[in-house]
Amino acid sequence: MNYYSTENNNLRRSLRDAVLEGLAPDGGLYMPEKIAVIPKDQLLSFRKKTFQDISKEVAISLFQDDLPESEIIEITESAINFDTPLIEVESGVYVLELFHGPTLAFKDVGARFMARMLGHFTKGLNREINVLVATSGDTGSAVASGFLNVEGVEVFILYPSGGVSELQEKQLTTMGGNITALEVAGTFDDCQRLVKSAFQDPDLTEKITLTSANSINLARFLPQSFYYFNAWARLPEQTEFYVSVPSGNFGNLTAGLVAGRMGLPVKHYIIATNVNDVVPEYLKSGKFNPRASVPTIANAMDVGNPSNFARILDLYGHSHKEISDALSAYAYSDDKLRQGIEKVYRETGYLMDPHGAAGYLALQEFSPKEPGIPGVFLETAHPAKFSKTVEEVIGSEISIPDKLKKASTKEKVSIPLAAEYSEFKIFLEETAK
Ligand SMILES: *Cc1c(COP(=O)(O)O)cnc(C)c1O
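I will try to describe carefully the structure that is included in this document. (Residues numbered from 1 in each chain as written. Predicted model: local features only at pLDDT ≥ 70, side-chain atom pairs only at ≥ 80, totals over all residues. Heavy atoms only, no water.)

1. Thoughts on the packing of aromatic side chains
- As enumerated under the stated definition, the model contains 9 aromatic pairs in all.
- Residues Phe113 and Phe226 carry aromatic rings whose centres are separated by 5.6 Å and whose planes lie at 75° to one another, so their mutual orientation is edge-to-face. One end of the pair, Phe113, is in helix 5 (residues 107-123); the other, Phe226, is in helix 11 (residues 226-234), and 113 residues separate them in sequence. We note that Phe113, like Phe226, is buried.
- A centroid spacing of 3.9 Å and a plane angle of 10° characterise the contact between Phe288 and Phe309, whose relative ring orientation is stacked. Here Phe309 lies in helix 14 (residues 309-315) and Phe288 lies in the loop between helix 13 (278-285) and helix 14, a separation of 21 residues in the sequence. (Phe/Tyr/Trp six-rings, centres within 6.5 Å; stacked < 30°, edge-to-face > 60°. Helix = DSSP H or I, 4+ residues; strand = E, 2+ residues; numbered from the N terminus. Buried < 20%, exposed > 50% of the residue type's maximum accessible area, 1.4 Å probe, protein only.)

Structure, rendered in C-alpha cells:
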C-alpha cells in the first residue's frame, strides 16, 4: 500500500520511504491511501483481549500490506509493554490513563512504536539513520526512552537551555547510548529552526540520512489509534461512546479519527485545548488562523499552528461542515483548568494533570442530544509530571512515581550548542553516522 501527501495525492511513497522521510518533500503529511475496516466480530472479540493483543490486531490491520505479520507482531509486542486502563471517575464518565509507559506520557506509545519500526527499516540499509527532534519537554523524553539502544539509529535531541523543567531535563540527558542531548542556547523555536534547517540542507542530507520523530511521522501517529480500541473494549457495555482528546499538535486526535474509520463506534469527537484555540476557532468560524503560541500550565498543548490539522482536513475532504458535524471543540484558561482539577479531586478523589483536566472539562461542556452514552476523556500525562501546579491546586503534596525519581538521581550529560545553524551543521558532520 502507498501513502500520499496531503498536499498532493499523486505524491506517493511506500511505508518505509514515508517513515524515513517524515515530512513529504512538498511539505505535506503522509496519509494511508486506504484504511481497512476491522470486521464487527473481530471488534467484539477485543472485549476479551488485553491492550497488547488489541494493539497487535489493529497494527496488522493498518500495516498488513506493508510488513510481514510476524514483524508487525514483534514490533507491537515490544513497543506496547504497558497498559492503558479505563477508570470510571463519575457515573458514565471514564478516564483512559495513557501514562503508564516509561516516561509517564501518552507519547511513549507512538515513540516506542516508531523506534522499533525504524529499527526494522534500517536493517535493510547499510547506513545509520539519524533522528533529529526539537523538544520543549515531553516529546524529547519519550523519544529518548523509546529509541534507546535501537540498532542503526542515532538520536539527537535539541532542547532549550533553561527552557524545560529540571525533571524533564534529567529524563532527556541521562539516557546515554545512542541518545545525544544538545542543550541549545536559545528558545524552543530556535531548536525547531535548527532541525528544519538541517532537513532542508541538501549538502548535509547527501552525506547523512536524517529523519524526524515528531508526530508528523506516520509511524508515530498511527499507533496511537490502538488505545482508542482499548477504551471501547474496557467499557462495561458495547455501545457507542464519546471521546474527548486534550490537543496540541492534534496527532492524538487524528489517530482517534483513524480508529473511527477502522470501524470503532465513536459517536462524536470532542477536542479540548488550552487558550491556544486555533482549532476551536476554526470550528466556529471556518477560518484557520495559526498564530504564535501562548504559554499555559498545560504546556504540551501550547501550539499555535497544529501540524496535524492538514490530516484532519484531508480526512473530511476539506469540508468545514463535515468536520463540525463530527467534532466539537472547547478551550480553557489556566484558571478553568485549575478549577477542574480541584473540583474532580474534591468530589471524587481522582487527580488529573492539567492536560487531562482540559479533556474532562470539554467532555462535561459538550451537551449531547442523546444522554446515556458513555464519555471517555484521555489522560495524557501523569499528574506528577506537573507536580508543582497540581500540588498548588489541591494544597497537599503528591507522591512521585519511582520511574520519575530514578531519572532525577542520575548525572546530566548534554552538549552545549549555540543557536547557529552553521555550528549545528559542523556538529552533525562530525558526529552523525
Ligand atoms: C503532546 C501532548 C499533548 C498533545 O498531543 P497532540 O497529539 O500534540 O495533540 C497533550 N498532553 C500531553 C501531556 C502531551 O505530552
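2. Brief notes about the site of the ligand
- Lining the immediate environment of the ligand, one finds 15 residues, of which Lys107, Gly248, Asn249, Phe250 and Thr380 sit closest.
- Separating an oxygen atom of the ligand from a backbone N or O atom of Asn249 is a distance of 2.8 Å.
- In this structure, an oxygen atom belonging to the ligand sits 2.9 Å away from a main-chain N or O atom of Asn252.
- Classifying every residue of the shell around the ligand by side-chain character gives 6 nonpolar, 7 polar and 2 charged. (Near = heavy atom within 4 Å. Polar contact = N/O pair within 3.5 Å; in protein donor to acceptor, adjacent residues only side chain to side chain. Nonpolar A, V, L, I, M, F, W, Y, C, P; charged D, E, K, R; others polar.)

3. Thoughts on the sheet that holds strand 7 (residues 153-160)
- Strand order in the open sheet formed by 5 strands is 9-6-7-8-14, and the pairing between neighbours is parallel. Edge positions in the open sheet fall to strand 9 (209-212) and strand 14 (415-418), since each of these has one partner strand only. Looking at each pair of strands side by side, their axes are set apart by 30° on average, direction ignored.
- Relative to the sheet, helix 6 (residues 138-147) contacts strand 6 (129-134), strand 7 and strand 8 (179-185), its axis offset from that of strand 7 by approximately 160°. (Pairing = 2+ DSSP bridges. Axes fitted to C-alpha atoms, helices over the stretch in contact; angles between N-to-C directions. Contact = heavy atoms within 4.5 Å.)

4. Comments concerning the nonpolar core
- Counting residues in each nonpolar core, the largest one holds 97 residues, and the members touching the most others are Phe63, Met117, Phe147 and Phe229.
- Among the elements that line this core, the one with the most residues is helix 5, at 8 residues.
- Sequence-distant contacts of Phe147, defined by excluding residues within four places in its chain, comprise Ala111, Met114, Ala115, Leu118, Val131, Val153, Val155, Asn178, Ile179 and Ala213.
- Counting 37 residues, the second-largest nonpolar core is a separate cluster that includes Val89, Val93, Leu363 and Phe377. (Core = buried A, V, L, I, M, F, W, Y, C linked by side-chain atoms within 4.5 Å.)

5. A look at the sheet that holds strand 12 (residues 327-331)
- A sheet is described by the order of its strands in space; here 6 strands give the open sequence 4-5-13-10-11-12, paired in mixed fashion. On the outer flanks of this sheet lie strand 4 (86-90) and strand 12, each paired with one strand and no other. Between one strand axis and the next, the sheet turns by 25° as a mean value, whatever way the strands run.
- Sheet analysis places strand 11 (residues 266-273) next to strand 12, joined by 5 bridges and oriented parallel.

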